[in-house]
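# A look at the structure
One letter stands for each residue in the lines below.
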Amino acid sequence: PRLTPSPRPAVWAGPECSYLTVGDRLWDQLALTGHARRSGDPARLASLGVSGVRYPVLWGRSSGRRAATDWRWAASRVARLVDLGTEPIVGLLHHGFGPTGADPLDPGWPAAFGRYARRVAERLPAVRSFLPINEPLTTARFGGLYGWWPPYARDPGVFAALLVAHAEAYLEAGRAIRAVRPDARLIVNEDIGTTFSTPSLAELAELHNER
């Protein structure tokens, strides 16, 4: 039988953009790498020949001395990608929990994130594709199981609560975005793989694979 040709795979690029406080330090990768102040980066990304660029418009991230999202910065970067014929895939949360003091275990956190998602959709009408939350499982593991990130827990119950909070926040964001842009494409991504090991570490590998 004749096989239907598979569509060509999409290849994306994007700046690494984690934004979170660890201990007493704020880690803002857009600032640390210099991307936030280089207006030519969207053209450099597009020049790679990619079909899309994951672009961060992060909840809670200020720009310089600004106390809130710099919408002009976001709009100019997104517009540049569109002009270059490269689709922007806008991300709203990347290994952080939003504004200073935001608590993902607060029952109101998912709804607050949804309200932010709506503002992004309203202010960036050229965007059709959204990736609301980057790797929620990874964020939940690092903060709830390993104690590396807030809330610095090593507790399966906290891990599960963080994962559920992210799922609820994604749903809130999806509904809010589609209330503004009914044809929006909502994307989910996760860090999932298979762990291999030597025989002496087989039990640990089994644990990772089950998780």
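Check the entry above for the structure.
None of the values given here were measured: they were computed from a predicted structure.

### A short note on the layout of surface pockets
In this structure, the largest pocket spans a volume of roughly 470 Å³. Lining the largest pocket are 26 residues, with Gly98, Pro99, Thr100, Gly101 and Ala102 positioned closest to its centre. Those elements that provide at least two residues to the lining of the largest pocket are strand E2 (19-22) and helix H4 (109-123). The leading source of residues in the lining of the largest pocket is E2, at three residues. Along the lines of polarity and charge, the residues of the lining of the largest pocket split into 14 nonpolar, nine polar and three charged. As a volume, the second largest pocket reaches approximately 260 Å³. Forming the walls of the second largest pocket are Leu137, Arg141, Tyr146, Asp191, Ile192, Gly193, Thr194, Thr195, His208, Asn209 and Arg211. Within the residue set of the lining of the second largest pocket, elements represented by two or more residues are helix H5 (136-145) and helix H7 (202-210). Its residues placed into classes, the lining of the second largest pocket shows three nonpolar, five polar and three charged.

### What about helix H6 (residues 156-180)?
Helix length check: H6, at 25 residues, gives a terminal C-alpha distance of 37 Å against a target of 36 Å (1.5 Å per residue), a fit within 8%. Regarding H6, the residues found buried are Val158, Phe159, Leu162, Ala165, His166, Ala169, Tyr170, Ala173, Gly174, Ala176 and Ile177. Measuring from the backbone nitrogen of glycine 157 back to the side-chain oxygen at the start of H6 gives 2.6 Å, which picks out aspartate 155 as the cap.

### Points about the packing of H5 against H6
Their axes nearest at 8 Å, the elements H5 and H6 cross at an angle of 150°. In this view, H5 runs roughly antiparallel relative to H6, as classed from their interaxial angle. For the element pair H5 and H6, the recorded crossing hand is right-handed. Each of Pro136, Leu137, Thr139, Ala140, Arg141, Gly143, Gly144 and Leu145 in H5 lies in contact with H6, whose residues at this interface are Pro156, Val158, Phe159, Leu162, Leu163 and His166. Classifying every residue of the contact of H5 with H6 by side-chain character gives nine nonpolar, four polar and one charged.

### Observations regarding the packing of aromatic side chains
Tallied over the full model, the rule gives 11 aromatic pairs. Judged by centre distance (5.8 Å) and plane angle (35°), the ring pair of tyrosine 55 and tryptophan 73 falls under tilted. In this pair, tyrosine 55 sits in strand E4 (residues 52-56) while tryptophan 73 sits in helix H3 (residues 71-83), placing the two residues 18 residues apart along the sequence. What makes tyrosine 55 buried here is its relative accessible area of 1%. Ring geometry for tryptophan 109 versus phenylalanine 113: centroids 6.4 Å apart, planes at 10°, classification stacked. Taken together, the positions of tryptophan 109 and phenylalanine 113, both in helix H4 and four residues apart, correspond to about one turn of that helix. You can call phenylalanine 113 buried: its relative accessible area is 0%.

Criteria and cut-off values
- Residues numbered from 1 in each chain as written.
- Predicted model: local features only at pLDDT ≥ 70, side-chain atom pairs only at ≥ 80, totals over all residues.
- Heavy atoms only, no water.
- 1 Å grid on protein atoms, 1.4 Å probe; cavity = no way out; pocket = protein on both sides within 12 Å on 5 of 7 lines; lining within 4 Å.
- Points joined across faces, edges and corners; volume = space filled by probe spheres on them.
- Helix = DSSP H or I, 4+ residues; strand = E, 2+ residues; numbered from the N terminus.
- Nonpolar A, V, L, I, M, F, W, Y, C, P; charged D, E, K, R; others polar.
- Expected span 1.5 Å × (residues − 1).
- Buried < 20%, exposed > 50% of the residue type's maximum accessible area, 1.4 Å probe, protein only.
- Polar contact = N/O pair within 3.5 Å; in protein donor to acceptor, adjacent residues only side chain to side chain.
- Axes fitted to C-alpha atoms, helices over the stretch in contact; angles between N-to-C directions.
- Parallel < 35°, antiparallel > 145°, perpendicular 65-115°, else oblique.
- Left-handed = near helix turned anticlockwise from the far one by under 90°.
- Contact = heavy atoms within 4.5 Å.
- Phe/Tyr/Trp six-rings, centres within 6.5 Å; stacked < 30°, edge-to-face > 60°.

Note that all results are geometric; they support no functional claim without further evidence.
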